[in-house]
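Next come the chains, spelled out residue by residue.
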Amino acid sequence: MSFPVNTPFLPPQGCWLPSAPPPQSKVMKVVNLKQAILQAWKERWSDYQWAINMKKFFPKGATWDILNLADALLEQAMIGPSPNPLILSYLKYAISSQMVSYSSVLTAISKFDDFSRDLCIQALLDIMDMFCDRLSCHGKAEECIGLCRALLSALHWLLRCTAASAERLREGLEAGAPAAGEKQLAMCLQRLEKTLSSTKNRALLHIAKLEEASSWTAMEHSLLKLGEILANLSDPQLRSQAEQCGSLIRSIPTMLSVHSEQLHKTGFPTVHALVLLEGTMNLTGETQPLVEQLMMVKRMQHIPTPLFVLEIWKACFVGIIESPEGTEELKWTAFTFLKIPQVLVKLKKYSHGDRDFTEDVNCAFEFLLKLTPLLDKADQHCNCDCANFLLQECSKQGLLSEASVNNLMAKRALDREHAPQLKSGENANIQPNPGLILRAEPTVTNILKTMDADHSKSPEGLLGVLGHMLSGKTKAASVRALLFDISFLMLCYVAQTYGSEVILSESRTGAEVPFFETWMQTCMPEEGKILNPDHPCFRPDSTKVESLVALLNNSSEMKLVQMKWHEACLSISAAILEILNAWENGVLAFESIQKITDNIKGKVCSLAVCAVAWLVAHVRMLGLDEREKSLQMIRQLAGPLCSENTLQFYNERVVIMSSILEHMCADVLQQTATQIKFPSTGVDTMPYWNLLPPKRPIKEVLTDIFAKVLEKGWVDSRSIHIFDTLLHMGGVYWFCNNLIKELLKETRKEHTLRAVELLYSIFCLDMPQVTLVLLGHILPGLLTDSSKWHSLMDPPGTALAKLAVWCALSSYSSHKGQASTRQKKRHREDIEDYISLFPLDDTQPSKLMRLLSSNEDDTNVLSSPTDRSMSSSLSASQLHTVNMRDPLNRVLANLFLLISSILGSRTAGPHTQFVQWFMEECVDCLEQGSRGSILQFMPFTTVSELVKVSAMSSPKVVLAITDLSLPQGRQVAAKAIAAL
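Below is a summary of the structure that appears in this document. (Residues numbered from 1 in each chain as written. Predicted model: local features only at pLDDT ≥ 70, side-chain atom pairs only at ≥ 80, totals over all residues. Heavy atoms only, no water.)

Examining unusual backbone geometry
Our working rule: Here a strand is any run of E in DSSP of at least two residues, a helix any run of H or I of at least four, and the numbering for each starts at the N terminus. The rule is simple: take the accessible area with a 1.4 Å probe, protein chains only, and divide by the maximum for that residue type; under 20% is buried, over 50% is exposed, in between is partly exposed.
Between Asp-794 and the following residue, Pro-795, the backbone shows a cis peptide bond with an omega angle of 10°. One non-glycine residue, His-302, lies in the positive phi region at around 50°. In this structure, His-302 sits in the loop between α13 (287-301) and α14 (305-322). With a relative accessible area of 12%, His-302 lands in the buried category.

The following block contains the structure:
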């Protein structure tokens with residue numbers, strides 16, 4: 001079909017379609033489209049005439065991309081050996097006037113594969129040059145994803161084109177005609193460089209890689225092939241240009257994981273405080289939670305590995321120097337020389353990058369050796385060369401090479417020549433703690449292995465091993481009594497020192513629960529645990545109780561052979577009640593009570609511990625005037641024996657018993673204003689006890705201790721204990737709220753940053769609960785109350801945003817795992833019920849959303865979730881089916897709804913700026929590909945609002961804040977980036 005020459009461009013009869021086309025319309029339109037292009041060429045229409053006529057005669061309903069206009073124009077333009085300049089001018093006009101989308105042009109170009117036609121290739125490269133560094137799309141999300149795919153196809157085409165040009169150049173050089181292919185190769189590399197140098201384009205390609213994995217793989221193969229061809233070329237400029245393009249392509253999958261490390265700082269108070277906190281309050285906790293927490297801090301604060309390891313060592317030595325002599329010092333020594341090397345072994349698995357982890361550890365030790373005063377002080381405290389012991393242990397764990405160890409030891413030995421020497425007379429007989437612990441460790445490990453084996457069928461084997469640990473020859477009954485007593489006392493001591501969780505065995509269905517475990521859970525007083533003295537566990541078989549009472553009252557010599565010690569421990573509480581009643585009713589005299597209490601603690605100290613455990617629970621239930629005899633009995637059981645005891649290791653057992661009883665009675669004695677003098681021979685005084693000054697409001701104590709810590713720049717062990725006591729006394733909300741108020745008072749930038757680092761480590765005392773309070777109560781209160789917005793100005797506002805993100809990330813990354821020992825003891829006594837605060841279903845508006853709507857004029861935006869369309873609150877977490885019954889998940893979801901509302905609101909202010917800082921910190925802290933991060937709770941619609949904020953309108957930010965593992969996430973990201 002042809003159009004009459006020099007006549008208006010009118011459709012022939014029956015060829016053009018009506019506005020409501022039949023199903024075959026698209027095929028017919030494409031046929032007519034090609035005919036129209038040919039007619040325009042024949043009549044030599046100018047580009048704008050062509051465009052006017054095309055728009056005039058084609059129905060308005062169809063878009064040019066659906067009709068494949070770009071494809072049709074290129075197909076017609078590339079028919080001959082050289083491109084048709086007139087038809088190409090039509091395409092350029094269509095691109096400039098946005099008749100065709102960039103994606104349709106790129107797709108059309110990538111279909112051309114005859115790379116031998118130089119003029120055609122150059123024409124296509126010129127077309128790409130028009131827009132390759134300023135791609136955009138303002139259509140639907142699907143069209144934006146189409147742009148990503150088209151750009152990946154075009155990149156693949158460019159690489160193939162470059163490879164073909166390079167191959168021709170190589171062949172030309174061999175044939176002695178170097179000009180062949182050189183110009184085209186230079187043009188291809190120039191377009192590649194121009195396309196890839198745009199961060200926006202690389203972000204779109206990042207999405208395309210996730211969307212079209214097979215196409216990305218094919219493109220990578222072409223890149224490898226190009227590299228092989230270019231390796232044979234001698235032109236350094238072309239090779240350099242190609243290598244640069246290659247490295248840009250290879251950087252696309254990891255374009256979000258590049259963070260600059262802090263090189264201007266040498267001290268990191270958060271790491272220091274975390275290590276001190278662990279060594280002081282969670283010594284026997286699993287290493288994995290500590291490793292994850294340290295790695296989280298390292299990522300969030302971008303700390304270089306050598307300085308990170310150095311800070312860990314510094315904190316350990318400070319802990320040793322600060323620790324009071326005795327048990328605390330031994331604990332810190334074990335923590336430093338045994339636990340921390342194991343922590344570093346696990347940290348080694350997380351290390352990435354060019355440097356080897358052993359090099360980083362070596363570098364950290366090089367820095368540590370320069371801190372001569374710190375090492376000298378630790379050496380004086382421990383009476384040995386601490387660095388030497390530490391280096392040996394690190395070498396044993398494979399953290400340092402032998403050459404590094406020898407080099408570092410030699411440097412330290414040289415330094416120690418000038419160190420202040422200890423008086424040999426004073427310390428000649430002192431066994432250094434590090435040496436003692438490191439020598440004992442293998443022996444203890446072997447004993448523990450023996451004890452961990454199954455001895456249920458033949459307990460004699462275990463008795464034999466334990467019996468060998470005792471000196472002298474003893475009868476079997478005496479050995480049983482002694483081993484029971486020592487084991488019971490040690491388990492009690494361990495439970496009190498490190499938390500009862502370390503004692504609990506793994507629950508196995510049908511398995512019998514060990515006696516001590518039952519007793520500890522039901523009968524042993526602990527911090528925050530209230531016992532009922534009338535509980536059935538304190539009321540065993542009455543016949544056993546009667547025989548035990550008779551034995552205690554009448555016999556001066558308890559028969560060891562007849563005793564089942566675990567039964568006696570369970571019966572003693574009921575026996576004590578009988579004896580107490582008899583004493584109060586005048587049946588027994590005080591002398592009889594003395595004899596009975598001597599009998600109780602005279603053979604096995606465990607009986608005294610069980611008796612006092614019940615008495616402590618009993619005293620709590622009595623009135624003020626009823627307590628005297630019970631307290632007197634505690635005093636008798638805690639006091640020394642009236643007669644001398646010759647039993648093996650009895651004095652050593654009394655030392656442990658006294659320590660246990662002192663801890664056990666501390667709360668009840670404080671509450672009843674009673675004083676009991678516990679035997680002090682060989683017993684450590686309870687460290688960090690009664691630290692709070694009397695008759696002073698705890699809020700004053702909190703602000704005072706925080707001011708001192710902030711001034712100093714680091715948290716010491718004593719401060720940690722004071723903060724822990726205040727947290728326990730005031731509750732989580734009081735503690736968190738008052739410390740946040742202190743942070744918001746700071747106006748100096750360096751002080752606010754230091755305050756954030758310190759507050760984060762202080763909050764680690766109970767991070768999960770603090771996070772719920774901070775994100776669920778304090779932040780919403782500040783963001784929705786306009787009278788408080790002034791407090792969110794920079795610098796305190798920036799600091800609070802940083803702290804909130806750090807807390808949210810830490811809690812979210814760890815709340816699925818097991819809580820650390822120190823966090824399990826806490827109760828949520830002062831935290832509101834999160835189900836009522838944030839209802840599970842959206843039929844009733846949550847308290848937070850009601851709060852928002854009452855504080856804003858823009859009620860349409862800040863309304864309850866029921867008033868918002870589903871699309872406006874849909875987030876990745878809903879598509880990942882995250883459990884929304886979890887309080888932290890609910891708090892995060894509601895916080896991000898609030899953020900979305902603030903961004904969409906017409907009212908701007910410091911709260912809007914705060915939201916920006918919060919999101920910037922999220923982007924700064926997150927790793928690439930961290931599916932399931934806190935940002936999954938952000939509604940998808942928030943992304944388009946965020947990019948309107950100038951500081952957030954970057955492709956990398958969009959990639960970081962969207963969940964690219966989901967198709968919806970990729971669509972949202974593509975749409976936001978394409979519109980930038």
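Topic: empty space enclosed by the protein
Using the following cut-off: Whether a set of points on the 1 Å grid over the protein atoms alone is a cavity depends on a 1.4 Å probe fitting there but being unable to get out, while an open set qualifies as a pocket with protein on both sides within 12 Å along at least five of seven lines; lining residues are those with an atom within 4 Å of a point. Grid points are joined across faces, edges and corners, and a volume is the space filled by probe spheres set on the points. Charged means Asp, Glu, Lys or Arg here, nonpolar means Ala, Val, Leu, Ile, Met, Phe, Trp, Tyr, Cys or Pro, and polar covers whatever is left, Gly included.
Tallied over the entire structure, the rule returns 6 cavities of 30 Å³ or more. By volume, the second largest cavity amounts to about 60 Å³. As for the second largest cavity, its lining consists of Ala-273, Leu-277, Val-715, Ile-720, Phe-723, Ser-761, Ile-762 and Leu-765. Of the residues that constitute the lining of the second largest cavity, the class distribution is 7 nonpolar, 1 polar and no charged.

What to know about the pattern of salt bridges
Worth spelling out the cut-off: A side-chain nitrogen of Lys or Arg and a carboxyl oxygen of Asp or Glu constitute a salt bridge if their distance falls within 4 Å.
Overall, the coordinates contain 23 salt bridges when judged by the stated rule. Glu-278 serves as the salt-bridge partner of Lys-339, at 3.7 Å between the closest nitrogen and oxygen. In this pair, Lys-339 is assigned in helix α15 (residues 327-350) and Glu-278 in helix α12 (residues 269-281), connecting sequence segments 61 residues apart. For Lys-339, a relative accessible area of 8% puts it in the buried group. Judged by relative accessible area, Glu-278 falls into the buried class, the value being 3%. Shared partners join several salt bridges into a network, and the residues in it are Asp-126, Asp-129, Arg-191 and Lys-194.

Observations regarding the packing of aromatic side chains
Between two aromatic rings, the relevant description is the distance of the centres plus the angle of the planes. Keep this limit in mind: We call Phe, Tyr and Trp rings a pair once their centres come within 6.5 Å, taking the six-membered ring for Trp, and we label the pair stacked below 30 degrees between planes, edge-to-face above 60, and tilted otherwise.
Under the counting rule described, the total for this entry stands at 14 aromatic pairs. With a centroid separation of 6.0 Å and an interplanar angle of 25°, the aromatic rings of Phe-484 and Phe-488 are classed as stacked. Of this pair, Phe-484 and Phe-488 both sit in helix α23 (residues 476-498), 4 residues apart, which is roughly one turn of the helix. Note on Phe-488: relative accessible area 3%, which makes it buried. In textbook terms, an aromatic cluster arises when at least three aromatic residues are bridged by ring pairs, as seen for Phe-484, Phe-488, Phe-516 and Trp-519.

Thoughts on the side chain of His-272
In plain terms, the rule: Throughout, a residue-residue contact means that at least one pair of heavy atoms, one from each residue, lies within 4.5 Å.
By the element assignment, His-272 lies in helix α12. Residue His-272 is classed as buried on the basis of its relative accessible area of 6%. Non-local contacts of His-272, meaning those with residues more than four positions away in its chain, are made with Glu-311, Lys-314, Ala-315, Val-318, Trp-714 and Val-715.

What about the nonpolar core?
This is how it is decided: We call a set of buried residues a nonpolar core when its members are Ala, Val, Leu, Ile, Met, Phe, Trp, Tyr or Cys and they connect through side-chain atoms within 4.5 Å of each other.
By size, the foremost hydrophobic cluster in this structure holds 227 residues, and its most contacted members are Trp-50, Trp-157, Tyr-760 and Phe-763. Residue contributions to this core peak at 17 residues, all from helix α7 (residues 141-175). Among all residues touching Phe-763, those that are not within four sequence positions of it are Phe-735, Cys-736, Leu-739, Ile-740, Val-770, Leu-803 and Cys-807. If you look at the next biggest cluster of nonpolar residues, it comprises 59 residues, including Leu-489, Cys-492, Ala-638 and Met-657.

Considering the side chain of Ser-761
We count it as follows: For this analysis, a polar contact is any N or O atom pair within 3.5 Å, provided that within protein one partner can donate a hydrogen and the other can accept it, and provided that sequence-adjacent residues contribute only side-chain to side-chain pairs.
The residue Ser-761 is located in helix α34 (residues 749-763) in this model. A polar contact is formed between the side chain of Ser-761 and the backbone oxygen of Leu-758, at a distance of 2.6 Å. Residues contacting Ser-761, with those up to four places away along its chain left out, are Thr-270, Ala-273, Leu-274, Leu-277 and Val-715.

A few points about the packing of helix α42 (residues 887-904) against helix α43 (residues 910-925)
For clarity, the threshold we go by: Helix axes are fitted to C-alpha atoms over the stretch in contact, other axes to C-alpha atoms as well, and angles between N-to-C directions run from 0 to 180 degrees. For classification purposes, an angle smaller than 35 degrees is called roughly parallel, one larger than 145 roughly antiparallel, one from 65 to 115 roughly perpendicular, and anything else oblique. Each crossing gets its handedness from the near helix: less than a right angle anticlockwise from the far helix is left-handed, clockwise is right-handed.
Where α42 contacts α43, the axes come no closer than 10 Å and their chain directions differ by 125°. One element, α42, and the other, α43, form an angle in the oblique class. Taken as a pair, α42 and α43 cross one another with a handedness that is left-handed. Contacts between α42 and α43 involve Leu-895, Phe-896, Ile-899, Ile-902 and Leu-903 from the former and His-911, Thr-912, Val-915, Phe-918 and Met-919 from the latter. Considering only residue class, the contact of α42 with α43 consists of 8 nonpolar, 2 polar and no charged.

So, the environment of Ser-351
Looking at the secondary structure, you find Ser-351 in the loop between α15 and α16 (357-369). Taking relative accessible area as the criterion, Ser-351 reaches 29% and is therefore assigned partly exposed. For the pair formed by Ser-351 and Thr-305, sequence separation is 46 residues and the distance between their alpha carbons is 8.3 Å.

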